[in-house]
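Read off the chains here:
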Amino acid sequence: MKYFIFCRDQLLLTDKGELPIGDTPPIRLEDWQKTHPLSEVEGIPCCWASIDMPISEKGFQMVGLRQSYSLLSLSDYLMAGKAYELLYWDTNTKFCGVCGAPMRFHTNISKRCTCCCKEVWPSLAIAVIVAVQRNDEILLVQSNKFRADYMGLVAGFVETGETLEDCVRREVKEETQIEIDNIRYFGNQPWPYPSGLMIGFKADYVSGELQLQRSELTKGGWFKADNLPNIPSKLSIARLLIDDFVREQKGQDLDVKGF
Ligand SMILES: [Zn+2]
């Protein structure tokens, strides 16, 4: 069994930076800290559990989920994200939204109310992210939510009743006053911070002068592939979109670590 044990957003790893594997939990779990099954990674069954206090025992370390990306294999990192999303969902659905009675796990990924039998599943916040291109330049912006001085892409949450393409067009217009067209699907990525799915697009500039929405963005501009500012790390689909732009422009991969 491979153990994904979280204390809030901190994941328990061995001091070698690996996930604990064994027949029994690597640390003592109380009765109420039960393990929940996940699917398998590379043939090894996995489970998650939540603890109240970080572990400081010799042989272990607690690592933030984002930081775990640089330590774990991609499949382990994705499973850690799934475990964290389930933990977050469990924490936020202790009681039924209809009648207020306690909720209990019904399957690995669903809960049922102990009184009225209402069932709930983890909800995803769907967001779009878009690389807008104007000739040989890409539109990069800095969100006021970024934790460091780098620039990324326009992004935002899909609203109820909106198509993904409508959302891409609306977010670019709201945040930059720019009109776009030729919106193409690029790829998607689970974004477990805390429970998102990020859907990436490419689009072409049509018209408009760049005017930043100051409540959301601190910087913005058009950049050529050989003159990029600080950009995000390879953790995010934003970076995959920027790498794709650079590859198309220069015919080679970008060799910078990012933030
Ligand atoms: Zn109920």
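Residues numbered from 1 in each chain as written. Predicted model: local features only at pLDDT ≥ 70, side-chain atom pairs only at ≥ 80, totals over all residues. Heavy atoms only, no water.

- An unreviewed UniProt entry annotates the chain as NAD(+) diphosphatase originating from Alloprevotella rava F0323.
- Reading the Catalytic activity (unreviewed entry) entry of the UniProt record for the chain gives the comment "a 5'-end NAD(+)-phospho-ribonucleoside in mRNA + H2O = a 5'-end phospho-adenosine-phospho-ribonucleoside in mRNA + beta-nicotinamide D-ribonucleotide + 2 H(+)".
- The record in UniProt for the chain states the following under Sequence similarities (unreviewed entry): "Belongs to the Nudix hydrolase family. NudC subfamily." (UniProt positions renumbered as here; feature names shortened; annotations may be inferred.)

Brief notes about the coordination of the zinc ion
Part 1: Protein coordination at the zinc ion: the donors are Cys96 (SG), Cys99 (SG), Cys113 (SG) and Cys116 (SG), at 2.3 to 2.4 Å from the metal.
Part 2: Taken together, the four donor atoms coordinating the zinc ion and their angles of 98 to 117° define a geometry best described as tetrahedral.
Part 3: Look at where the donors of the zinc ion fall in the sequence and you get C-x2-C-x13-C-x2-C. Separated by 17 residues along the polypeptide, Cys99 in the loop between helix H2 (74-92) and strand S6 (103-107) and Cys116 in the loop between strand S7 (110-113) and strand S8 (119-120) bring together distant segments of the chain.
Part 4: The partly exposed category is assigned to Cys99, whose relative accessible area is 39%.
Part 5: The class of Cys116 is partly exposed, set by a relative accessible area of 35%. (Donors = N, O, S within 2.8 Å, 3.2 Å for Na, K, Ca; no water. Tetrahedral: all angles 85-135°; square planar, octahedral: opposite > 155°, others 65-115°. Helix = DSSP H or I, 4+ residues; strand = E, 2+ residues; numbered from the N terminus. Buried < 20%, exposed > 50% of the residue type's maximum accessible area, 1.4 Å probe, protein only.)

A closer look at the domain arrangement of the chain
Part 1: The assigned domain composition of the chain is domain 1 (2-92), domain 2 (94-123) and domain 3 (125-250).
Part 2: Relative placement of domain 2 and domain 3: their C-alpha centres are 36 Å apart. (Domains from an automatic or database assignment.)

Concerning the sheet that holds S6
By way of backbone hydrogen bonds, the strands of a sheet pair with one another, either parallel or antiparallel.
Part 1: As summarised here, the arrangement of the three strands in space is S6-S7-S8, forming an open sheet in which the pairing is antiparallel. Of all the strands in the sheet, just S6 and S8 have a single pairing partner and so form its edges.
Part 2: Here S7 pairs with S8 via two bridges, running antiparallel. Bridged to Lys111 within S8 is Val120.
Part 3: Contacts from H2 reach S6, S7 and S8, with the element oriented near 10° to S7. (Pairing = 2+ DSSP bridges. Contact = heavy atoms within 4.5 Å. Axes fitted to C-alpha atoms, helices over the stretch in contact; angles between N-to-C directions.)

What to know about the environment of Arg8
Part 1: Looking at the secondary structure, you find Arg8 in the loop between strand S1 (2-7) and strand S2 (10-14).
Part 2: Residue Arg8 is classed as exposed on the basis of its relative accessible area, which comes to 56%.
Part 3: Sequence spacing of Arg8 and Pro54 is 46 residues, and the spatial spacing of their C-alpha atoms is 8.7 Å.
Part 4: Not counting residues within four places of it along the chain, the set of residues in contact with Arg8 comprises Ile51, Asp52, Pro54, Tyr84 and Leu87.

Comments concerning the pattern of salt bridges
Part 1: On inspection of all chains with the given rule, the structure shows 22 salt bridges.
Part 2: Across the pair Lys173 and Glu179 runs a salt bridge, and its minimum N-O distance is 2.9 Å.
Part 3: Using a relative accessible area of 32% as the deciding quantity, one classes Glu179 as partly exposed.
Part 4: Ionic pairing is found between Lys234 and Asp243, a salt bridge with its closest N-O pair at 3.3 Å.
Part 5: Lys234 sits in the partly exposed class, given a relative accessible area of 39%.
Part 6: Look at the salt bridges and you will find they share partners, linking Glu159, Glu162, Arg170, Glu171 and Glu174 into a network. (Salt bridge = Lys/Arg side-chain N within 4 Å of Asp/Glu carboxyl O.)

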